[in-house]
Amino acid sequence: MNTPVTPSSSPTPAHTLPRIAVLATGGTIAGAAPDATNTAGYQAGVIGVGQLLDAVPGLGAIARIHAEQVASIDSKDMPLALWTQLAQRVNALLASDDVDGVVITHGTDTLEETAYLLHLTVKGTKPVVMTAAMRPASALSADGPLNLLNAVTVAANAAAGQGVLVAFNNRIHCARDVTKVSTYAVDAFQSPEVGALGWVQDGRVEFQRRALRPHTVDSAFVIGAQWPQVEIVASYAGVSRAAVDALVVAGVRGIVVAGTGNGSLHATLQQALADAAAQGVAIVRASRTGSGHVMRNGAAQDGALGFVSAGTLNPYKARVLLMLALAAGHAGAAALQQVFDTY
Ligand code: ASP
């Protein structure tokens, strides 16, 4: 569904303003509740992109907007086919001479996964900026309109070649690093260890650093329609091997394990994962702590058992990278470790 929408409240845009495509996918930013004081009991993804844009004053003075309703979902239900569709649409828009940047509205729940997926697979240097909201559009003090205004402002002003950005609560994050850290607070996104790339406020955009790892045009990954099955398990007190064994029987291609601390594993789980690796399942160790890196354990564990270290990627982002790597034909712990060390 690609329906162009012109925000009715926008003034006629100056012909020199940047042309920004706004792709809406649903989420709380497009959510509605029965009354304005309700910020938890709402339905996500029910408000259309035209209404979202109408709620943002001054957009027409920042950019010429072309809007598309790509989907209307709660992002907790993100299907892999929509990832493919979204990435392909962003690629088509970036390739167009009529588009200077892309903004994507999304639910907060899986925003960090979609953002990293796009960071690795969209091919262009024009700004791609994602945003979302913690409060539904119907709420008192809804955060969506300002986040959307700021995302368009970033897309209209960011320098080229910074990969996929996330504009949220005045901060600008790198897609690789950003993660949701709160169930309810409007300041729900952080980039642990490294911090935000910059900030946006009152029309001003400032970057303080750049992402170093390859992305977009420098990434070897391309979007495809096939998604190798990769699942996530966790290590915790008393964990059994039941989940890992069931996943192997189900034929998964990879397992990311959210380990304790530095990706450490309960001995029972480690044995189950070692058995899975021996059967050709790719095993990636990440951490459940939410920040920090997972050191490669060398000969003692990773080397002997055929495991890969996720480095600074959290389990959900590690899963995205592992799916792309397996889809691209990377096989074996050494080749996969190289991928994780690079991206
Ligand atoms: N469940 C919602 C979603 O991810 C949450 C949000 O957008 O804040 O779509």
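None of the values given here were measured: they were computed from a predicted structure. (Residues numbered from 1 in each chain as written. Predicted model: local features only at pLDDT ≥ 70, side-chain atom pairs only at ≥ 80, totals over all residues. Heavy atoms only, no water.)

Participant: Can you walk me through the pattern of salt bridges in this structure?
Facilitator: A side chain with one charge can pair with a side chain of the opposite charge if their charged atoms come near. According to the stated counting rule, one finds 11 salt bridges in the structure shown. Note that Glu68 is salt-bridged to Arg89, the shortest N-O span being 2.5 Å. Linking Glu68 in strand β2 (residues 64-73) with Arg89 in helix α2 (residues 80-95), this pair joins segments that are 21 residues apart in sequence. With relative accessibility at 0%, the residue Glu68 sits in the buried group. With relative accessibility at 23%, the residue Arg89 sits in the partly exposed group. Between Arg171 and Asp187 there is a salt bridge, and its shortest N-O distance comes to 2.8 Å. A residue pair is termed long-range when its members are at least 10 positions apart, and Arg171 in strand β6 (residues 171-174) and Asp187 in the loop between β7 (179-180) and β8 (189-190) qualify at 16 residues. Judged by its relative accessible area of 35%, Arg171 falls in the partly exposed class. On the basis of relative accessible area, Asp187 is assigned to the partly exposed category, the value being 30%. Connected through salt bridges with shared partners, the residues Arg176, Asp177 and Arg209 form a single ionic network. (Salt bridge = Lys/Arg side-chain N within 4 Å of Asp/Glu carboxyl O. Helix = DSSP H or I, 4+ residues; strand = E, 2+ residues; numbered from the N terminus. Buried < 20%, exposed > 50% of the residue type's maximum accessible area, 1.4 Å probe, protein only.)

Participant: Is there a simple way to explain the side chain of Asp177 in this structure?
Facilitator: Along the polypeptide, Asp177 turns up in the loop between β6 and β7. The exposure class assigned to Asp177 is buried, which follows from its relative accessible area of 18%. Non-local contacts of Asp177, meaning those with residues more than four positions away in its chain, are made with Gln190, Ser191, Pro192, Val194, Arg209 and Lys317. (Contact = heavy atoms within 4.5 Å.)

Participant: Looking at this structure, how should I read the packing of aromatic side chains?
Facilitator: When we look at a pair of aromatic rings, we describe it by the centre distance and by the angle of the planes. Scanning all chains against the criterion turns up three aromatic pairs. Each ring, one from Phe221 and one from Tyr343, has its centre 4.9 Å from the other, and the planes form 55 degrees; the classification is tilted. Here the residue Phe221 occupies a position in the loop between β10 (204-207) and β11 (230-234), and Tyr343 occupies one in the segment after α9 (333-342), the gap between them amounting to 122 residues. Take Phe221 and Tyr343: they sit in the same class, and that class is buried. (Phe/Tyr/Trp six-rings, centres within 6.5 Å; stacked < 30°, edge-to-face > 60°.)

Participant: Quick question: what am I supposed to make of the confidence of the model for the chain here?
Facilitator: As a general rule, the predicted coordinates of low-pLDDT regions are not to be interpreted in detail. Per-residue pLDDT for the chain has a mean of 95; in total, 96% of the residues score no lower than 70. Low confidence marks residues 1-9, where pLDDT is under 50. Its contacts with residues over four positions away, or in another chain, come to 17 contacts. (pLDDT = per-residue confidence, 0-100.)

Participant: In this structure, what is going on with helix α4 (residues 144-157)? I would like to understand it.
Facilitator: Given 3.6 residues to a turn, an α-helix orients residues that are three or four positions apart in the same direction. For α4, spanning 14 residues, the distance from its first C-alpha to its last is 20 Å, which sits close to the expected 20 Å at 1.5 Å a residue. Of the residues making up α4, those classed as buried are Gly144, Asn147, Leu148, Asn150, Ala151, Val152, Thr153, Val154, Ala155 and Ala156. (Expected span 1.5 Å × (residues − 1).)

Participant: Looking at this structure, I do not really get the nonpolar core. What am I missing?
Facilitator: Generally speaking, nonpolar side chains in soluble globular proteins are found buried as a group. Grouped together as the largest cluster of nonpolar side chains are 56 residues, with contacts concentrated most on Val90, Val102, Ile104, Leu118, Leu321, Leu322 and Phe340. Considering every element that reaches this core, the biggest residue donor is helix α8 (residues 315-327), with eight residues. Apart from the residues lying within four places of it in its own chain, the contact partners of Val90 are Leu23, Val102, Ile104, Val122 and Val128. (Core = buried A, V, L, I, M, F, W, Y, C linked by side-chain atoms within 4.5 Å.)

Participant: Please clarify how the sheet that holds β11 should be interpreted in this entry.
Facilitator: Whether parallel or antiparallel, the strands of a sheet pair through hydrogen bonds between backbone atoms. In spatial order, the strands read β11-β12-β13-β14; together these four strands make up an open sheet with parallel pairing. In this open sheet, the two strands that pair with only one neighbour each are β11 and β14 (307-309). Sheet twist, expressed as the mean angle between neighbouring strand axes with direction ignored, is 30 degrees. As defined by bridge partners, strand β12 (residues 254-259) adjoins strand β13 (residues 282-287) across six bridges and the pair is classed as parallel. Counted as the bridge partner of Val257 is Arg285 from β13. The sheet contacts of α8 involve β11, β12 and β13, and relative to β12 the element is tilted by about 160 degrees. Packing against the sheet, α9 makes contact with β13 and β14, and its axis sits at approximately 10 degrees to β14. (Pairing = 2+ DSSP bridges. Axes fitted to C-alpha atoms, helices over the stretch in contact; angles between N-to-C directions.)

Participant: Teacher, can you tell me more about the site of the ligand here?
Facilitator: All residues in the neighbourhood of the ligand are listed as Gly27, Thr28, Tyr42, Asp74, Ser75, Gly107, Thr108, Asp109 and Ala133. One of the side-chain N or O atoms of Asp74 is found 2.7 Å from a nitrogen atom in the ligand. Taking Ser75, its side chain carries an N or O atom lying 2.5 Å from an oxygen atom of the ligand. If the ligand stood free it would expose 260 Å²; the protein chains cover 93% of that surface. (Near = heavy atom within 4 Å. Polar contact = N/O pair within 3.5 Å; in protein donor to acceptor, adjacent residues only side chain to side chain. Areas by Shrake-Rupley, 256 points an atom, 1.4 Å probe, with all protein chains shown as cover.)

Participant: Quick question: what am I supposed to make of the UniProt feature "domain: L-asparaginase N-terminal" (unreviewed entry) in the chain here?
Facilitator: Residues annotated by UniProt as "domain: L-asparaginase N-terminal" (unreviewed entry) correspond here to residues 19-211. Note that residues 19-211 is 24% helix and 25% strand, and that its end C-alpha atoms are spaced 25 Å apart. (UniProt positions renumbered as here; feature names shortened; annotations may be inferred.)

Participant: Would you explain the pairing of β10 in this entry?
Facilitator: It is a general feature of regular strands that their side chains alternate between the two faces of the sheet. Taken together, the four bridges between strand β9 (residues 198-201) and β10 define a ladder with antiparallel strand orientation. Looking at β10, one finds that Val200 is bridged to Val205. In this structure, the hairpin formed by β9 and β10 is closed by a connection of two residues, where Asp202 is found at a positive phi of approximately 50 degrees.

Participant: How should I be thinking about the sheet that holds β9 in this particular structure?
Facilitator: With mixed pairing, the eight strands of this open sheet are ordered in space as β2-β1-β3-β4-β5-β6-β9-β10. For this open sheet the edge positions go to β2 and β10, each flanked by a neighbour on one side alone. Looking at each pair of strands side by side, their axes are set apart by 25 degrees on average, direction ignored. For strand β1 (residues 19-26) and β2, the ladder comprises seven bridges, and the chain directions are parallel. The residue bridging Val22 from the neighbouring strand is Ala67, located in β2. Across the sheet, α2 lies against β1, β2, β3 (101-105) and β4 (128-131), angled at about 170 degrees from β2, the strand it touches most.

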